[in-house]
Amino acid sequence: MQDVAIDDNLPFAVENREPVWIPMADGTRLAARIWLPEDAEANPVPVIVEAIPYRWRDFYRHFDAEIHPWYAGHGYACVRIDLRGSGNSEGVLVDEYAPQELEDIVTAIAWIAEQPWSTGKVGMMGISWGGFNSLQVAALRPPALKTIITSCSTDDRYADDVHFMGGCLLNDNFSWGANMIAKQSLPPDPQIVGEAWRDMWLKRLQNLPNFVANWMAHQRRDGQWKHGSVCEDYADIEIPVFAIGGWADAYSNAIPRLLANLSVPRIGVIGPWGHCFGYEAYADMPRPGIGFLQESKRWWDHWLKGEENGIMAEPMLRAWQLDHVPPAAGQAWWPGRWIAEPTWPMTDAPDPLVLHLDGD
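Each residue is numbered by its place in its chain's sequence as written, counting from 1. At least 70 in pLDDT is required for a residue's local features to be given in this predicted model, at least 80 for side-chain atom pairs to be given and counted, and no such filter applies to totals for whole chains, interfaces and linings, which use all residues. Processing note: side-chain calculations cover all non-hydrogen atoms of the structure and skip hydrogens and water entirely.

Among the six residues in strand 9 (residues 241–246), six count as buried, and that is most of the element. Two strands pair if DSSP finds at least two bridges between them. Secondary structure elements follow DSSP: runs of H or I of four or more residues count as helices, runs of E of two or more count as strands, with numbering from the N terminus. Examined bridge by bridge, strand 6 (residues 145–151) and strand 9 share four bridges and lie parallel to one another. Looking at the pairing, I148 lines up with V241 of strand 9. Handedness of the crossover joining strand 9 and strand 10 (residues 266–271) through helix 9 (residues 254–261) is recorded here as right-handed. Exposure is judged per residue with a 1.4 Å probe applied to protein chains only, and the accessible area is read against the type maximum: over 50% gives exposed, under 20% gives buried, and values in between give partly exposed. Assignment of crossover handedness uses the view with strands pointing away from the viewer, where a clockwise path from the first strand over the helix to the second indicates a right-handed crossover.

Okay, the pattern of salt bridges next. Within this document, salt bridges are pairs made up of a side-chain nitrogen of Lys or Arg and a carboxyl oxygen of Asp or Glu, the two lying within 4 Å of each other. Scanning the model with the defined rule gives 24 salt bridges in all. Its salt-bridge partner being R17, residue E15 comes within 2.8 Å of it at the nearest N-O pair. The exposure class of E15 is partly exposed, given its relative accessible area of 26%. A salt bridge links E96 to R157, with the shortest nitrogen-to-oxygen separation between them at 3.6 Å. Taken together, the positions of E96 in the loop between strand 4 (77–82) and helix 2 (99–113) and R157 in the loop between strand 6 and strand 7 (164–165) put the pair 61 residues apart, joining distant regions of the chain. Salt bridges here are not isolated pairs; linked through shared partners, they connect E18, R33, R57, R61 and D189.

Moving on to the layout of surface pockets. As a volume, the largest pocket reaches approximately 620 Å³. Every residue lining the largest pocket is counted, 31 residues in all, and those nearest its centre are Y54, Y60, I127, S128 and H275. Every element with two or more residues in the lining of the largest pocket is listed here: helix 1 (61–72), helix 3 (129–140) and helix 4 (172–184). In this classification, the charged set is Asp, Glu, Lys and Arg, the nonpolar set is Ala, Val, Leu, Ile, Met, Phe, Trp, Tyr, Cys and Pro, and all remaining amino acids, among them Gly, are polar. Its residues assigned to classes, the lining of the largest pocket shows 18 nonpolar, five polar and eight charged. Each cavity reported here is a set of points on a 1 Å grid over the protein atoms alone in which a 1.4 Å probe fits but cannot get out, each pocket an open set with protein on both sides within 12 Å along at least five of seven lines, and each lining residue one with an atom within 4 Å of a point. Grid points are joined across faces, edges and corners, and a volume is the space filled by probe spheres set on the points.

Note that strand 10 and strand 11 (residues 317–322) share three bridges and pair parallel. Note that in strand 11 the partner of V269 across the bridge is R318. Sheet topology note: the strand 11/strand 12 (residues 336–341) ladder contains six bridges and is antiparallel. Following the sheet pairing, L322 is matched in strand 12 by G336.

Each disulfide consists of a covalent bond between the sulfur atoms of two cysteine residues. Note on disulfides: each one is a pair of cysteine sulfur atoms within 2.5 Å. Taken as a whole and judged by the stated rule, the model has zero disulfides. Left unpaired, C152 is separated from the closest cysteine sulfur, that of C276, by 6.5 Å.

What follows covers the sheet that holds strand 11. In any sheet, the strands associate via hydrogen bonds between backbone groups, in a parallel or an antiparallel arrangement. Strand order in the open sheet formed by ten strands is 1-2-4-3-5-6-9-10-11-12, and the pairing between neighbours is mixed. The open sheet has two free edges, formed respectively by strand 1 (14–23) and strand 12, since each of these has just one partner strand. Sheet twist, expressed as the average angle between the axes of neighbouring strands with direction ignored, equals 20°. Sheet analysis places strand 9 next to strand 10, joined by six bridges and oriented parallel. From the neighbouring strand, V241 faces strand 10, where its bridge partner is R266. Contact between two residues is taken to exist if any of their heavy atoms lie within 4.5 Å; hydrogens are not considered. Here the axes come from fitting lines to C-alpha atoms, over the contacting stretch only for helices, and the angles between their N-to-C directions go from 0 to 180 degrees. Strands strand 1, strand 2 (29–37), strand 3 (45–52), strand 4, strand 5 (118–127) and strand 6 of the sheet are contacted by helix 2, whose axis makes an angle of about 145° with strand 5. Its contacts with the sheet put helix 9 on strand 9, strand 10 and strand 11, and the angle it makes with strand 10 is roughly 165°.

Turning to the packing of helix 1 against helix 10 (residues 292–305), a few remarks are in order. Interaxial distance between helix 1 and helix 10 falls to 11 Å at its minimum, and their mutual angle equals 45°. Overall, the two elements helix 1 and helix 10 adopt an arrangement that is oblique. Crossing of helix 1 over helix 10 shows right-handed handedness. Touching E66, I67, W70 and Y71 of helix 1 are F292, L293, Q294, S296, K297 and W300, all from helix 10. Here the residues of the contact of helix 1 with helix 10 are counted per class, giving six nonpolar, two polar and two charged. For classification purposes, angles smaller than 35 degrees are called roughly parallel, those larger than 145 roughly antiparallel, those between 65 and 115 roughly perpendicular, and all remaining angles oblique. Crossing handedness: left-handed means the near helix sits turned counterclockwise from the far one by under a right angle, and right-handed means the same turn made clockwise.

Interpretation in functional terms is not warranted from these geometric data alone.
Have a look at this one:
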């Protein structure tokens, strides 16, 4: 679990294709950007998919450049998709993880698996939104999807997300809802979509939902939240899962639950960082980080290329055990040490100690 960032020693030259249009059953086209080894047409490779509403053309371009070209340079095709109604994709985005979104991704995976540069084996990954829908799409079991990596996500959209927790409305519900309106109000790029950009933009604005009001209208655990919560039936997921997160993030609770309740091959990593993959832990996302790209490549190599690299012989859970530090607004480095558990839940866990808030 070394603190290793990105290296530039890539075995394969990388080709970038943008835009690539992925057709949906209703005629809507999703805009995608693809990185792949230059010889992938002659020597097909496995594919890694990330599908999020964060504009690969501009807003997320620098984040994408840290990950996907690196994977492509190590023998994978990477497909970064703007969700329906976001970025340069056609249509309207109506909510987080809507049934249409998941159906679109299933369709896109089938299309990707049939491309001449693809071996037909697909992995899906993402952080936050992309971590959520990776779990949700895995539960739909598209045939070509062989494994996922989910980061900073949750299995329970009602009890453990940014909207409600333990029945309480969170402030994040408002800030995130406003953030969503700001992001989804942006127009597509005329250089990508051509003269249709204005009509596409107006359609988005006219159909843009009030995300905050919609979420607040569902204050109990109803169908709004059960949809996309894989905890409703963990058995729906039948492919290997790599779950990663940080103690300083709001979603670390989901990782032990996934390890305890899934029955598929799985590993989990929890570091000291915040809402990130772990290699890019910044001053407000405490270090030490890890070589996430290197660790994830081992996962892809095993499950998408069939390499026996020993990753599944390693502990199911690895976590940074935090030492005490005085309270502070930020923590650049959180002292502690890596610990590991062969399986989770622990087989030799001590009996719980109950402490009461009274004089005794």
